[in-house]
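Report on the structure
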Amino acid sequence: MASKENEKYSANSLVRGLEIIKLFNEEQPSLSLSEIAKHLGVSRTVPYRLLFTLENMGYLSQDKNTKRYNLTPKVLELGFSYLNSLKFPEIVQPYMEALRDEIGASCHLSILDGTEVVYVGSAPIRGVSAVNVNIGLRLPAHAIANGKLLLAYQPKETVMQMFHVSSLTPYTDKTLTMPSEFQKQLDSIKKHGYALTNGEFHPGINSVAAPIFDRTGKVIAALNVVATESTYHEDFIDKVALPKLLEVSNLLSDYMGYTGARLTSKNFISEDI
């Protein structure tokens, strides 16, 4: 009786939509319409409208060439349940605070969502020189170090699709706006394993970012340090912040099960990357 009562209030479309989201995992990061229908045990017409809705809401993306679907980071907006279950920000927080205290600059944790960076953790400093952010803040990925870092580890085709529609908006005279130059910079970032920016989003604000890898070698987040030109000495970012930041990002990658090559600042190059 209770079961029938519960079924009366069950929203089948919502149930199906959540079932579709749960189909995606490490073993099957992308799925076709026919594969999804097969998993659900229904005809292709049943999930078609649900997939359209989920894509339209931004929770799924479809590759225009293969027609396969992938989850997007927007699923984290469902209450940050994914991050909370992993306790990832909680794991990273003491490392960020220790780094902040050692170098005296704000540290942030972020993920990529389309052409934007979403901040999911922060260890701010206090005072007039502070460059702090609120959790959940979104900033344009192409104009900030952590955004470029996260884009550098995306497939080139994905990045090209992102900025085919969304142009590289200039925020200062230092913001790269030519797609060819931007892609060249992303290649350099991936080669060196970190990203530097110098006043590209806001004049006088410099930043350096490093990746955090999971056990599969995938970049799951970016850790970055921010400094103002007026308060920190000229070599602060590359001589102080970068080496310490890479130490912390390596430790966090180890914690997440990563066994690949460790990042180092020995091959530091002076020009912005």
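Our structure is the block above this text.
Analysis parameters
Residues numbered from 1 in each chain as written. Predicted model: local features only at pLDDT ≥ 70, side-chain atom pairs only at ≥ 80, totals over all residues. Heavy atoms only, no water. Salt bridge = Lys/Arg side-chain N within 4 Å of Asp/Glu carboxyl O. Helix = DSSP H or I, 4+ residues; strand = E, 2+ residues; numbered from the N terminus. Buried < 20%, exposed > 50% of the residue type's maximum accessible area, 1.4 Å probe, protein only. Arc of directions from axis to C-beta. Contact = heavy atoms within 4.5 Å. Pairing = 2+ DSSP bridges. Phe/Tyr/Trp six-rings, centres within 6.5 Å; stacked < 30°, edge-to-face > 60°. Lys NZ or Arg CZ within 6 Å of the ring centre and 35° of its normal.

Some words on the pattern of salt bridges
Enumeration over the complete set of coordinates arrives at 10 salt bridges. With a closest N to O distance of 3.0 Å, Glu102 and Lys244 form a salt bridge. Here Glu102, found in helix H6 (residues 88-103), pairs with Lys244, found in helix H10 (residues 236-255); they are 142 residues apart in sequence, far enough to count as distant. With relative accessibility at 51%, the residue Glu102 sits in the exposed group. In this structure Lys244 comes out as partly exposed when scored by relative accessible area, which is 27%. Salt-bridge contacts for Asp187 lead to Lys156; the nearest nitrogen and oxygen are separated by 3.6 Å. A residue pair is termed long-range when its members are at least 10 positions apart, and Asp187 in helix H9 (residues 179-192) and Lys156 in helix H8 (residues 156-165) qualify at 31 residues. Note on Lys156: relative accessible area 44%, which makes it partly exposed. The network of salt bridges with common partners includes Asp113, Glu116 and Arg138.

A few points about unusual backbone geometry
For residues besides glycine, phi is generally negative; the peptide bonds are generally trans as well. The phi dihedral of Lys67 falls on the positive side, at around 65°, and the residue is not glycine. Along the chain, Lys67 turns up in the loop between strand S2 (60-62) and strand S3 (69-71).

Focus on helix H3 (residues 33-40)
Every buried residue of H3 is listed here: Leu33, Ile36, Ala37 and Leu40. Buried positions in H3, seen along its axis, are confined to an arc of 100° and lie on one side of it. For H3, the secondary structure elements touched by its buried residues are helix H2 (12-23), strand S1 (30-31), helix H4 (45-56) and S3. Following H3 by one or two positions, Gly41 has its phi on the positive side, about 70°.

Examining the pairing of strand S8 (residues 205-213)
With eight of its nine residues buried, S8 lies for the most part within the structure. One ladder, built from four bridges, connects strand S7 (residues 195-198) with S8; its direction is antiparallel. Pairing of Thr197 across the sheet is with Ser207, part of S8. The antiparallel pairing of S7 with S8 creates a hairpin that spans six residues between the two strands, and Gly199 there sits at a positive phi of about 65°. Sheet topology places S8 next to strand S9 (residues 219-228); nine bridges connect them, and they run antiparallel. Note that in S9 the partner of Ile205 across the bridge is Thr228. Connecting the antiparallel pair S8 and S9 is a turn made up of five residues, with Gly217 showing a positive phi of about 90°.

Brief notes about the packing of aromatic side chains
Under the criterion given, the structure shown has four aromatic pairs. Note on Phe213 and Tyr258: the rings are 4.6 Å apart at their centroids and 20° apart in plane angle, and the pair reads as stacked. Residue Phe213 is found in strand S8, and its partner Tyr258 is found in the segment after H10; the two are separated by 45 residues along the sequence. Ring geometry for Tyr232 against Phe236: centres 4.5 Å apart, planes inclined by 40°, an arrangement best described as tilted. The class for Tyr232 is buried, based on a relative accessible area of 14%. With a relative accessible area of 4%, Phe236 lands in the buried category. Across the ring face of Tyr59, the terminal group of Lys74 is positioned such that the distance to the ring centre comes to 5.4 Å.

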